[in-house]
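Summary of the model geometry
Here is what each chain is made of, one letter per residue.
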Amino acid sequence: MRQEHYDVAVIGGGSAGMAAAISLAQRGKSVVLFEREEVLGGILLQCIHNGFGLHHFKEELTGPEYAERVSKTLEELPVTVFVGSTVMHMEEAHAGEGKIVYAYSREHGIVMAEVRAVVLAMGCRERNRGNIGTPGTRPAGVYTAGLAQRLVNVEGYIPGKEVVIVGSGDIGLIMARRMTWVGAKVKAVVEIQPYPAGLTRNIVQCLNDFSIPLYLSHIVSEIHGKNRVEAVTITPMVDGMPDTQRSFRVDCDTVLLSVGLVPDNEVSKKLGVQLNPETNGALVDSRLMTNVPGVFACGNVLHVHDLVDFVTEESTRCGEYVAEYLDGVRPAAQHRVVAGSNVKYVLPNWYDRSHDNRFYLRPMVVKNRAELQVRLDGHVIKTKVLKHVQPSEMIALALDEKDLGDGAAQGDLRLEIAIV
Amino acid sequence: MDNTKREMVCIACPVGCHLTVSTAEDGSVVVEGNRCQRGVEYGREELLAPKRVVTATLAVSRGKSPRVPVKTDAPLLKAFIPGLLDQVYNMEIAAPVALGMVVLENIGGTGVRLVTTRSVLEVRAI
Ligand SMILES: Cc1cc2nc3c(=O)[nH]c(=O)nc-3n(C[C@H](O)[C@H](O)[C@H](O)COP(=O)(O)OP(=O)(O)OC[C@H]3O[C@@H](n4cnc5c(N)ncnc54)[C@H](O)[C@@H]3O)c2cc1C
Ligand code: SF4
């Protein structure tokens, strides 16, 4: 067994893990990074479409280009990288504040790293059929959209010829175009909500461009087929109830599920990291630290991001916080942040009045000209007008000391962020 | 140009105005439903010469990865897209592949190029 000592272990080498490792190494910390796959990049490597990096690199890149740029920067820094290495377990070290991280690597066997801090950056996984409970047989030909994306774009294997997509999230929409471009016929995209889950730009360029029908307020009520998928039954929803009288059947050999992503916190649980039921990611303080001292989280394992640029921003900052933690910096008193009207969640879950705070929030409504309101002890301390909000677009918000200093200094210091 | 009226959604910004785009008697393009000038330009181009960036993958021989992703370095006229995809999904190049390597020049005489978006190392024989 290989035994190593570092300041920090970063778990996951996607855009989040790479950014955190870069930020830590630039601050002179010794870093070990573990990545399960043979190459760094994470989910970006299978997202070969463009639309990445407009904020961070000020140009429109594809996922692999974004990943390669970031990994080039990482390569130039003294970070110890173990690829093909999966972190299986973590525990508190016997003495002091340390943690022990155990990874299994095909090349090195078990690697044990003793560290003073851990950055969780494992990304997310896809919800599958079990999570949505579609009745019917269990034939071959049902894939999650992200798995299909990997098969087509990385392995070069085309999973089917006639496709129905369940859910209108961006991955499903992008796969509708990809399957069409590789010669398959996409017969329907079925969405239970009355509005699409993905970006308008993807509805236009991935569905409308190919006249692919989008059935809003519809569900796939049954999957047919013995060994292989043969058809699905699609049923309209009326007032939240399926109207089976108007069900119809669509023949297909493949069903792709694009029904959401969930942060992958399997290993976080080993250290007793507390999760937030709203995000399925860790509850974190204003410095992105979890309830376990020295354990931090960033990227999709913390909450599902739609833009990689935000992942990079959050994770770079996370690296700074970890470096400061290692230098002995501890936050002053922290207070809760809560989601107000029309907001699904706000992150981080605590704020610190003594320094600048950055928040990410997920709206629950589709609205033009919405107002973002920040309230402290019942008083509105800041407002911001947004041209357009929708659940598929996360909102970033910065509050500085000045914003937080005014208003009631005493009393209820809970900060509430709402959309009105 | 015939007198067709087309409904479309402007994607030049997230507001997503519903546009009605048509051609007037004198041949000029009329855009309605837009909230700003960018909508007019978007509607005009979508009617007269719609273009898209194309991304795809092609096979790599002796590569550490079986495929390499590619993109057009500028939006390509839609009419040329099916032909390009046909060609790309039937092509193979040999590893090693560098990021940004030009795979095809001047697609359909448009000046648009196809470039790789990832590097792929060569698998060495042992
Ligand atoms: C399919 C899809 C399409 C997207 N499209 C866009 C887009 O068009 N534009 C845009 O800006 N953003 C897009 N995004 C968002 C953005 O790209 C991602 O949110 C971001 O790249 C996630 O980075 P991450 O590092 O948090 O996660 P990931 O990239 O998933 O990285 C996590 C890494 O951790 C590794 N790992 C997990 N568990 C372990 C373990 N136990 N041990 C070792 N390693 C482990 C995984 O192998 C993986 O490499 C998309 C996201 C998805 C999922
Ligand atoms: S017309 Fe203007 S405001 Fe409307 S979607 Fe297009 S760019 Fe946005």
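About the criteria used
- Residues numbered from 1 in each chain as written.
- Chains lettered and ligands numbered in written order.
- Predicted model: local features only at pLDDT ≥ 70, side-chain atom pairs only at ≥ 80, totals over all residues.
- Heavy atoms only, no water.
- Domains from an automatic or database assignment.
- Contact = heavy atoms within 4.5 Å.
- Buried area = accessible area lost by both parts, 1.4 Å probe.
- Salt bridge = Lys/Arg side-chain N within 4 Å of Asp/Glu carboxyl O.
- Polar contact = N/O pair within 3.5 Å; in protein donor to acceptor, adjacent residues only side chain to side chain.
- Helix = DSSP H or I, 4+ residues; strand = E, 2+ residues; numbered from the N terminus.
- Nonpolar A, V, L, I, M, F, W, Y, C, P; charged D, E, K, R; others polar.
- 1 Å grid on protein atoms, 1.4 Å probe; cavity = no way out; pocket = protein on both sides within 12 Å on 5 of 7 lines; lining within 4 Å.
- Points joined across faces, edges and corners; volume = space filled by probe spheres on them.

**Overview of the domain arrangement of chain B**
Under the domain assignment used here, chain B contains domain 1 (5–48) and domain 2 (55–116). Inter-centroid distance (C-alpha atoms) of domain 1 of chain B to domain 2 of chain B is 31 Å.

**Section: the interface of chain B and chain A**
Taken together, the contact between chain B and chain A spans 26 residues of the former and 28 residues of the latter. Buried surface at the junction of chain B and chain A, summed over both partners, amounts to about 2,300 Å²; 57% is from carbon and sulfur atoms. It is B:I11, B:T55 and B:R118 in chain B that bury the most area against chain A; as a group they hold 23% of the surface buried on that side. A salt bridge links B:R52 to A:D209; the shortest N-O distance between them is 2.7 Å. Where chain B meets chain A, there are seven residue pairs in polar contact (both at pLDDT 80 or more). Only β5 (55–61), β6 (67–72) and α2 (81–88) of chain B provide two or more residues apiece to the side of chain B that touches chain A. Residues belonging to the side of chain B that touches chain A are distributed by class as follows: 15 nonpolar, five polar and six charged.

**A short note on the domain arrangement of chain A**
Residue and element names in this part refer to chain A. Along its sequence, chain A is organised into domain 1 (2–125 + 262–330), domain 2 (128–259) and domain 3 (338–419). Here the C-alpha centre of domain 2 lies 32 Å away from the C-alpha centre of domain 1. When domain 1 packs against domain 2, the two sides together hide about 730 Å² of surface, and 43% of this comes from carbon and sulfur. On the domain 1 side of the interface with domain 2, the three residues burying the most area are Q46, I48 and H49, jointly 69% of the side's total. The tally of links between domain 1 and domain 2 comes to two salt bridges. E60 is paired through a salt bridge with R201; the nearest N and O atoms lie 3.1 Å apart. Taken together, the connections running from domain 1 to domain 2 amount to five residue pairs in polar contact (both at pLDDT 80 or more).

**Details of empty space enclosed by the protein**
Residue and element names in this part refer to chain A. This structure, assessed with the given rule, holds two cavities of 30 Å³ or more. Its volume calculated, the largest cavity comes out at about 60 Å³. Every residue along the wall of the largest cavity is listed here: D285, R287, M289, F296, Y321, E324, Y325, V329, R330 and P331. The element contributing the most residues to the lining of the largest cavity is helix α7 (residues 308–326), with three residues. Its residues assigned to classes, the lining of the largest cavity comprises six nonpolar, no polar and four charged. As a volume, the second largest cavity reaches approximately 40 Å³. Forming the boundary of the second largest cavity are L288, L302, E314, R317, L347, P348, R358 and Y360. Looking at the lining of the second largest cavity, the elements that each hand over two or more residues are α7 and β26 (357–363). For the lining of the second largest cavity, a count of residues per class yields five nonpolar, no polar and three charged. No fewer than three residues from each of domain 1 (2–125 + 262–330) and domain 3 (338–419) sit in the lining of the second largest cavity.

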